[in-house]
Amino acid sequence: MRMTTAASTEKTDQPAPGKNAARPPRVSALRRSWDKYWYAWAMVTPVAIVLTVLVLYPLGYGIYQSLTDANESNVASTIGAFHRPATYKFVGLDNYWHVLSGADSDFYPRLLWTVIWTVSCVTLQVGIGMGLAVLLNRKVRFRGFYRAMLILPWAVPSFIGVFAWRLMLNSQYGVFNEIITAFGLPAQDWLGTPLAQKIAVIMVNVWIGIPFNMVAVLGGLQSIPRELYEAAEMDGASPWQRFVNVTLPGLRPVSNTVILLGCIWTFNMFNVIYLLLGNNTSGDADILVTFAFRKAFTGISDYAGAATYGIIILALLLAFSTFYRRSTLKSEQA
């Protein structure tokens, strides 16, 4: 009797084949994750699909094209009933070597001007934005009106703002030349000479970027406790000392983020330069991203060269962002 019971218990303990067999650990972990977080997965999936289609696929295709010699004459094309197959070849890292070794004489001058453009624009945007934020953080009459007027360039679409500046900088009927000729100075070709073009694009980009910096710094100023200013004032600190020792340290988390975003956006600021100067330019004011665009869509299109420029720009920004975040984290911890 005991032997029969033991045998039956043994049989019951063994899982039935095909029904209760243990699932693989990875499958059961995914199943548990789906059962527990199905709502989160459902929310994330559309975003992941959009990112894959709009970001990851173009990025992967751009990396692939940068490893080939693709241009307008050897890519696949269809004209009516005629189809020409692609004849470009895989060349490995030759394009990167061609650019970085200096064989491409355009890269390093464009890189130098891009760095000057980025540093100039971000310095002026942050500096003027911080000055305006400090002024608007005080109790002044019509403060709300001033804030609304200063945010206006940010609210207007950038292409409308750039076209307005293009009209104002017109060499024949622009308001800038009307002002300087009224003071007896000669009219300038603001969008014609290389130096004037560089000054013009910096002015327009600074004008567009000031509102964002002002709003961000104004929010940071309002988060600094008033007690710190009162304690510094009681200790006899001057307004400049209060600004240096209270305001700037209190703004460090905000200013670090604003500077990082400003550098990334300005380094890739395509629309200001392209819309302001168009194709009537000598190319001296082109930064890396606008030069890559002209490389891809002007003359005999060099798709591989333009893709190489794009990947190098991405690598430069990733390296800068990593270095900047590490240095700011060290300074914040110190």
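For the structure, check the block above.
In this text, all values refer to a predicted model and were calculated from it rather than measured experimentally.

A. Spotlight on the overall build of the protein. Scanning the protein from terminus to terminus reveals 13 helices and two strands. In terms of overall dimensions, the protein is more spread out than a globule: its C-alpha atoms have a radius of gyration of 30 Å, far above the 20 Å expected for 334 residues. Considering only C-alpha atoms, the protein reaches an extent of 120 × 75 × 35 Å along its principal axes. Expressed as a percentage of its 334 residues, the buried residues of the protein come to 32%. Surface exposure of the protein reaches about 21,500 Å², of which carbon and sulfur atoms provide 67%.

B. Layout of the packing of helix 9 (residues 226-234) against helix 10 (residues 239-267). Packing of helix 9 against helix 10 brings their axes to within 10 Å, and their N-to-C directions diverge by 150°. As for how helix 9 packs across helix 10, the hand of that crossing is right-handed. Of the residues in helix 10, those in contact with Leu228, Tyr229, Ala232 and Glu233 of helix 9 are Arg242, Val246 and Thr247. By residue class, the composition of the contact of helix 9 with helix 10 is four nonpolar, one polar and two charged.

C. The nonpolar core, seen in detail. One finds Trp117 and Leu276 to be the most contacted residues of the largest nonpolar core, which totals 38 residues. Looking at this core, the elements that each hand over two or more residues are helix 3 (94-100), helix 4 (107-136), helix 6 (158-168), helix 8 (194-222), helix 11 (270-277), helix 12 (288-297) and helix 13 (303-333). When neighbours within four sequence positions are excluded, tryptophan 117 is seen to be in contact with Val201, Ile202, Asn205, Thr266, Met269, Val272, Ile273 and Ile287.

D. Seen up close, helix 6. Here helix 6 has its buried residues at Gly161, Val162 and Trp165. Axial view of helix 6: buried residues confined to an arc of 100°, hence all on one face. The inward-facing, buried residues of helix 6 abut helix 7 (175-182), helix 8 and helix 11.

E. Structural context of the packing of aromatic side chains. A complete count under the given rule lists 17 aromatic pairs for this structure. Between phenylalanine 176 and tryptophan 190, the aromatic rings sit 5.9 Å apart at their centres with planes inclined by 65°, giving edge-to-face as the arrangement. Highlighted residues: phenylalanine 176 in helix 7 and tryptophan 190 in the loop between helix 7 and helix 8, separated in sequence by 14 residues. For phenylalanine 176, a relative accessible area of 22% gives the class partly exposed. Residue tryptophan 190 is classed as buried on the basis of its relative accessible area of 16%. Three or more aromatic residues joined by ring pairs form one cluster here, namely Phe107, Tyr108, Phe291 and Tyr309. Positioned above the aromatic ring of tryptophan 113, the side-chain terminus of lysine 198 is 4.9 Å from the ring centre.

F. Here's a closer look at the pattern of salt bridges. Under the defined criterion, the tally for this structure stands at one salt bridge. Aspartate 286 is the partner of arginine 294 in a salt bridge, and the nearest nitrogen-oxygen pair spans 2.8 Å. For the pair arginine 294 and aspartate 286, a shared accessibility class is recorded, and that class is buried.

G. Layout of a nonpolar patch on the surface. Together, Val47, Ile49, Val50, Leu51, Val53, Leu54, Val55 and Leu56 make up an exposed nonpolar region whose accessible area comes to about 740 Å². Among the structural elements, leucine 51 can be located in helix 2 (residues 25-66).

H. Layout of the side chain of aspartate 286. Take aspartate 286: it is sitting in the loop between helix 11 and helix 12. A distance of 3.2 Å separates a polar atom in the side chain of aspartate 286 from a polar atom in the side chain of threonine 290. Within the structure, the side chain of aspartate 286 is placed 2.8 Å from the side chain of arginine 294, a separation counted as a polar contact. Dropping the residues within four chain positions of it, aspartate 286 is found in contact with Arg110, Trp113, Ile273, Phe291 and Arg294.

I. Seen up close, the environment of leucine 136. When you line up the elements, leucine 136 lands in helix 4. By relative accessible area, leucine 136 is classed as buried at 5%. Separated by 78 residues in sequence, leucine 136 and methionine 214 have C-alpha atoms that sit 9.2 Å apart. Look past the residues within four positions of leucine 136 in its chain and what remains in contact with it is Arg143, Tyr146, Arg147, Leu150, Met214 and Leu218.

J. Representation of helix 10 within the structure. With 29 residues, helix 10 extends only 35 Å from end C-alpha to end C-alpha; this falls clearly short of the ideal 42 Å at 1.5 Å per step. Approximately 60° is the largest bend angle found in helix 10, and it occurs at arginine 252, with the proline proline 253 only one to four residues beyond. Of all the positions in helix 10, only Arg242, Val246, Thr247, Leu251, Ser255, Asn256, Val258, Leu260, Gly262, Cys263, Thr266 and Phe267 are classed as buried.

Rules used in this analysis
- Residues numbered from 1 in each chain as written.
- Predicted model: local features only at pLDDT ≥ 70, side-chain atom pairs only at ≥ 80, totals over all residues.
- Heavy atoms only, no water.
- Helix = DSSP H or I, 4+ residues; strand = E, 2+ residues; numbered from the N terminus.
- Rg over C-alpha atoms; globule rule 2.2 N^0.38 Å.
- Buried < 20%, exposed > 50% of the residue type's maximum accessible area, 1.4 Å probe, protein only.
- Areas by Shrake-Rupley, 256 points an atom, 1.4 Å probe, with all protein chains shown as cover.
- Axes fitted to C-alpha atoms, helices over the stretch in contact; angles between N-to-C directions.
- Left-handed = near helix turned anticlockwise from the far one by under 90°.
- Contact = heavy atoms within 4.5 Å.
- Nonpolar A, V, L, I, M, F, W, Y, C, P; charged D, E, K, R; others polar.
- Core = buried A, V, L, I, M, F, W, Y, C linked by side-chain atoms within 4.5 Å.
- Arc of directions from axis to C-beta.
- Phe/Tyr/Trp six-rings, centres within 6.5 Å; stacked < 30°, edge-to-face > 60°.
- Lys NZ or Arg CZ within 6 Å of the ring centre and 35° of its normal.
- Salt bridge = Lys/Arg side-chain N within 4 Å of Asp/Glu carboxyl O.
- Patch = residues over 30% accessible without salt bridge, like charges linked within 9 Å, V, L, I, M, F, W, Y side chains within 5 Å.
- Polar contact = N/O pair within 3.5 Å; in protein donor to acceptor, adjacent residues only side chain to side chain.
- Expected span 1.5 Å × (residues − 1).
- Bend = angle between axes of the 7 residues up to and from the residue.

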